[in-house]
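An overview of the molecular structure
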Amino acid sequence: MSQPNQSNQSNQSRVSLTVAQALVQFLSAQYTERDGVRHRLIAGTWGIFGHGNVAGLGQALLEAGEDTMPFHQGRNEQAMVHAAVGYARQLNRLSAQAVTTSIGPGATNLVTGAALATVNRLPVLLLPGDYFATRPADPLLQQLEHPVEADVSVNDTLRPVSRYFDRITRPEMLIPSALNAMRVLTDPAETGAVTLAMPQDVQAEAFDWPVEFFAERVWHVRRPAPDPLELAEAVRAIRAAERPLIVAGGGVHHSEAEEALKVFAEATGIPVASTQAGKGSLRYDHPADLGGIGHTGTAVCDDIARTADLVIGVGTRYSDFTTASNTLFQKPDVQFVNLNITAFDAHKLAARTLVADARTGLEAFTDALSGHRVGEAYEAEYRAGKERWEQVVDAAYRADDAHAVPTQTQVLGALDSVVGDDDVVINAAGSLPGDLHKLWRARSPRQYHLEYGYSCMGYEIPAGIGVQQAAPGTPVWSLVGDGTYLMMPTEIVTAVQEGLPVNLLLIQNHGYASIGGLSEETGGERFGTAYRYRAADGTFTGAPLPVDLAANAASLGMDVIRAKTVGELRDALASARASDRPTCVYVETDPAPTAPPAEAWWDVPVAEVASREAAVAARERYDRHVAGRRRHL
């Protein structure tokens, strides 16, 4: 609940402002508090102006000034949301940013970013312009006309991907709607994208506002404690288990529960697996850290998961990559205990639930399980498996010939040798998430920044900007392949403009490497996944396209270092890290596969009937795998 600061109120009971001016003034006075530490809730606003917001929110931001509401100029509306999401994630959801756009395509460009934010439970405030509420002209430029629902606009596409949505068609509507927006943004169980659609005429309309609306408000981010009955049942299940396994999800990071998890694991000896969002919950060299779980997981982690008799989920959504499409947890009597601040996630897999804050819940577990520890043989088993996997990582990273063209895993090995504990590595899509989840040695809670809830190509560069804004001075690495780069390089210009030294590691492999491999596995024969000229038979199997992505990055203002060999790559990465300018390290990789194979399955349906031999063989493999799928009831 927010607490307005009455001392900030003036003697005047009303003040005349436009709706846009009032919104900016209101946002500037909102704060969060958790564990006694305050953060500004809306720390800045991203914007691209058009006729739908230039005279409303644009004018209001100009009039307010940078001290009241910092403004950031974007190049693509989707990318602005990605930057705001990267910012919020870096700051554990305690501070967020707003994004304003014009109507029409500017507004609909927000949809992908909004979906990403909501899927990942990360707060962002969206302020798209909208049609005239008073309709002096109908239709107007960029208005969608619906023949039977005249109140529908393109902004309604944001409804299903927003955790809260409202359209402000009267000035006085802003008061309850803005307060509800803040409530959702600061609620750890409900947060995600919040949309306030702003008709362009209403933005510019004046209203006499109560001064109380602009009072400083502090929104307490709660840490709910476990229900005693739920806690007792969960503790009994843990004490009875012989092969328990913790699955750490993104909620561990959002709650800043890493130390509590470490204490719990050390006290009980229970090993820890991590989802893409949860990796780094334990430092990679902690004896209980088994690395990634699921389709992109490590061999030791997935082996332990298959034989676990109790799975303790902490802040995880249990995506299909984590559960290997419900084929991973194979022990017949396996049970689940889920600690999650969101009841919706806590109830997954027919689990015993502990609906609570991750840190509070883990601390309660540690206290209630005092003196309990798993068997010595089990500890010895998973620690030996961890040692074997570290040898696999060493082999994948190793590059004995400094003059050779690096493979993708050797690129990661070179980066591993350069980064420090506080560096942040950002990725979202392609073949890199699988390699990183298996191989990356996360040194700190914030180092591993993978957006794999929505796995959105184009996220990495703008997210790097958001992380830099949230943690100035932190070395940030946005890792992208050529396919992802071509989706959204636009915010390079923003990084250059703002002087943010984001490091871009650009890997050229001439196509969609990840989907190419998946296509081959599922009988698609890599159709349509290579960036090549058309051959005589019409397929894209000719010579690689003469696209110079390094030159493109340079043309957008980045410093560019080209590396052709392993040795040159190591030097280039060290130079980039030392630079105070946005720097791109460009490397073309050896396509030879050097990553360890998948240790668990992922369900992508294969054609049930086909004439091509590859698809027939793929279907036979699919039928064998799907036989292992089970429902945990």
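Residues numbered from 1 in each chain as written. Predicted model: local features only at pLDDT ≥ 70, side-chain atom pairs only at ≥ 80, totals over all residues. Heavy atoms only, no water.

**Regarding the overall build of the protein chain**
Applied cut-off: Segments assigned H or I by DSSP are reported as helices when at least four residues long, segments assigned E as strands when at least two residues long, and all are numbered from the N terminus. Relative accessibility thresholds used throughout: buried, under 20% of the residue-type maximum; exposed, over 50%; partly exposed, between the two (1.4 Å probe, protein chains only). The contact rule is simple, with two residues in contact once any of their heavy atoms fall within 4.5 Å. For every accessible area listed, the method is Shrake-Rupley and the probe measures 1.4 Å; residues are considered covered only by the protein chains on display. Counted as positive: Lys and Arg. Counted as negative: Asp and Glu. His and the chain ends are not counted at all. We put the charge of a Lys on NZ, of an Arg on CZ, of an Asp on CG and of a Glu on CD.
Along the backbone of the protein chain there are 24 helices and 24 strands. Reported as C-alpha extents along the three principal axes, the dimensions of the protein chain are approximately 70 × 70 × 55 Å. Counting all 633 residues of the protein chain, 58% fall into the buried class. Within the protein chain, counting contacts between residues at least 6 apart in sequence, those at least 24 apart form 77% of the total. Surface summary for the protein chain: the accessible area is close to 24,800 Å², and the carbon and sulfur share equals 52%. Charge-centre separation for the protein chain: the mean point of 53 positive side chains lies 3 Å from the mean point of 75 negative side chains.

**Considering the pattern of salt bridges**
Keep this limit in mind: In what follows, salt bridge is the name for a side-chain nitrogen of Lys or Arg lying within 4 Å of a carboxyl oxygen of Asp or Glu.
Within the structure shown, the criterion is met by 32 salt bridges. For Arg 283, the salt bridge is made with Asp 285, and the minimal N-O distance between the two is 2.9 Å. On the basis of relative accessibility, which here comes to 32%, the residue Arg 283 falls in the partly exposed class. Note that Glu 525 is salt-bridged to Arg 612, the shortest N-O span being 2.6 Å. Taken as a pair, Glu 525 in the loop between α21 (513-521) and α22 (549-555) and Arg 612 in the loop between β24 (583-588) and α24 (613-626) lie far apart in primary sequence, 87 residues in all. Residue classification places Arg 612 among the exposed positions, given a relative accessible area of 54%. Because the salt bridges share partners, they merge into one network encompassing Asp 35, Arg 223, Asp 357, Arg 359 and Glu 363.

**A closer look at the packing of helix α1 (residues 19-27) against helix α2 (residues 54-64)**
Heads up, the condition is: Here an axis means a line fitted to C-alpha atoms, over the contact stretch when the element is a helix, while the angle between two N-to-C directions is reported on a 0 to 180 degree scale. Here roughly perpendicular refers to angles of 65 to 115 degrees, roughly parallel to angles under 35, roughly antiparallel to angles over 145, and oblique to all remaining angles. Crossing chirality is assigned from the near helix's rotation relative to the far helix, an anticlockwise turn below a right angle marking it left-handed and a clockwise turn marking it right-handed. Throughout, the ten residues Ala, Val, Leu, Ile, Met, Phe, Trp, Tyr, Cys and Pro are labelled nonpolar, Asp, Glu, Lys and Arg are labelled charged, and all others, Gly among them, are labelled polar.
For the pair α1 and α2, the least separation of the axes is 8 Å and the interaxial angle reads 50°. By the angle class used here, α1 and α2 are oblique. Both α1 and α2 take part in a crossing whose hand is right-handed. Contacts from Ala 20, Gln 21, Leu 23 and Val 24 of α1 reach α2 at Gly 56, Leu 57, Gln 59, Ala 60, Leu 61, Glu 63 and Ala 64. Within the contact of α1 with α2, the residues separate by chemical class into seven nonpolar, three polar and one charged.

**A few points about the sheet that holds strand β10 (residues 193-199)**
Quick note on the threshold: DSSP calls a pair of strands paired once it identifies at least 2 bridges connecting them.
Strand order across the open sheet formed by six strands is β6-β5-β7-β8-β10-β9, with parallel pairing between neighbours. At either end of the open sheet lies a strand with only one pairing partner, and these are β6 (71-73) and β9 (164-167). Taken over all neighbouring pairs, the strand axes of this sheet differ in orientation by 20° on average, direction set aside. Along the sheet face, helix α3 (residues 77-90) touches β5 (42-47), β7 (96-101) and β8 (124-130) and points at about 170° away from the line of β7.

**Here's the deal with the sheet that holds strand β16 (residues 310-314)**
Spatially, the six strands line up as an open sheet ordered β15-β14-β13-β16-β17-β18, and their pairing is parallel. Because the sheet does not close on itself, it has two edges, and the strands there are β15 (289-292) and β18 (352-355). For this sheet the average axis-to-axis angle between neighbouring strands, irrespective of direction, equals 20°. Taken together, the three bridges between strand β13 (residues 244-248) and strand β14 (residues 272-274) define a ladder with parallel strand orientation. Among the inter-strand pairings, Val 247 is bridged to a residue of β14, identified as Ala 273. This element, helix α8 (residues 228-240), spans β16, β17 (335-340) and β18 of the sheet and lies at about 130° to β18.

**Considering unusual backbone geometry**
Here the residue pair Asp 138 and Pro 139 is connected by a cis peptide bond, since its omega of 5° sits within 30 degrees of zero. With respect to the secondary-structure elements, Pro 139 resides in the loop between β8 and β9. With phi around 50°, Ala 350 is a residue other than glycine that occupies positive phi space.

**As for the pairing of strand β3 (residues 30-34)**
One face of the sheet, then the other: side chains in a regular strand alternate in exactly this way. Most of β3 sits inside the fold, with four of its five residues counted as buried. For β3 and strand β12 (residues 217-220), the ladder comprises four bridges, and the chain directions are parallel. Each residue of the ladder has a partner; that of Gln 30, found in β12, is Arg 217. In this structure, the hairpin formed by β3 and strand β4 (residues 37-40) is closed by a connection of two residues, where Asp 35 is found at a positive phi of approximately 55°.

**Some points on the nonpolar core**
Quick note on the threshold: Residues belong to one nonpolar core when they are buried, are Ala, Val, Leu, Ile, Met, Phe, Trp, Tyr or Cys, and are joined through side-chain atoms within 4.5 Å.
Counting residues in each nonpolar core, the largest one holds 83 residues, and the members touching the most others are Phe 365 and Leu 505. Per-element tally for this core: the top contributor is helix α15 (residues 376-397), with six residues. If we skip the residues at most four places from it in the chain, Phe 365 touches Leu 231, Ala 234, Val 235, Ile 238, Phe 264, Ile 312, Val 337, Leu 339 and Leu 354. The next biggest cluster of nonpolar side chains, apart from the first, holds 34 residues, and it includes Leu 17, Val 19, Phe 26 and Ala 181.

**Here's the deal with the environment of Leu 231**
Within the fold, Leu 231 resides in helix α8. For the pair Leu 231 and Phe 365, spaced 134 residues apart in sequence, the C-alpha to C-alpha distance is 7.6 Å. Setting aside residues up to four positions removed in sequence, Leu 231 forms contacts with Pro 226, Leu 354, Ala 364 and Phe 365.

**Thoughts on the environment of Arg 306**
In plain terms, the rule: By the criterion applied in these results, polar contacts are pairs of N or O atoms within 3.5 Å in which, for protein atoms, one can donate a hydrogen and the other can accept it, and in which residues neighboring in sequence qualify only through two side-chain atoms.
Mapped onto the secondary structure, Arg 306 falls in helix α11 (residues 299-307). When the C-alpha positions of Arg 306 and Pro 332 are compared, they lie 9.9 Å apart, and in sequence the two are 26 residues distant. Only 3.2 Å separates the side chain of Arg 306 from the side chain of Asp 303, close enough to count as a polar contact.

**Considering the confidence of the model for the protein chain**
Filter applied, for reference: Along the chain, pLDDT gives the predictor's confidence residue by residue, from 0 to 100.
With 98% of its residues at a pLDDT of at least 70, the protein chain reaches an overall mean of 95. In the model, residues 6-10 has pLDDT below 50 throughout and makes four contacts with residues more than four positions away in sequence or in other chains.

**Some points on α15**
The line we're drawing: Expected span, for any helix, means 1.5 Å times one less than how many residues it has. Starting at the helix axis, one direction is taken to each C-beta atom, and the arc is that of these directions.
With 22 residues, α15 extends 32 Å between its outermost C-alpha atoms, agreeing within 8% with the 32 Å of an ideal straight helix rising 1.5 Å per residue. Where α15 is concerned, the buried positions are Tyr 378, Glu 379, Tyr 382, Gly 385, Lys 386, Trp 389, Val 393, Ala 396 and Tyr 397. Here the buried residues of α15 occupy an arc of 130° about the axis, which is enough to place them on one side. What points out from α15, more than 90 degrees from its buried face, is the exposed set Glu 376, Ala 377, Glu 387, Arg 388 and Gln 391. In this structure, the buried side of α15 is in contact with β13, β15, α11, α16 (408-416) and α17 (432-439).

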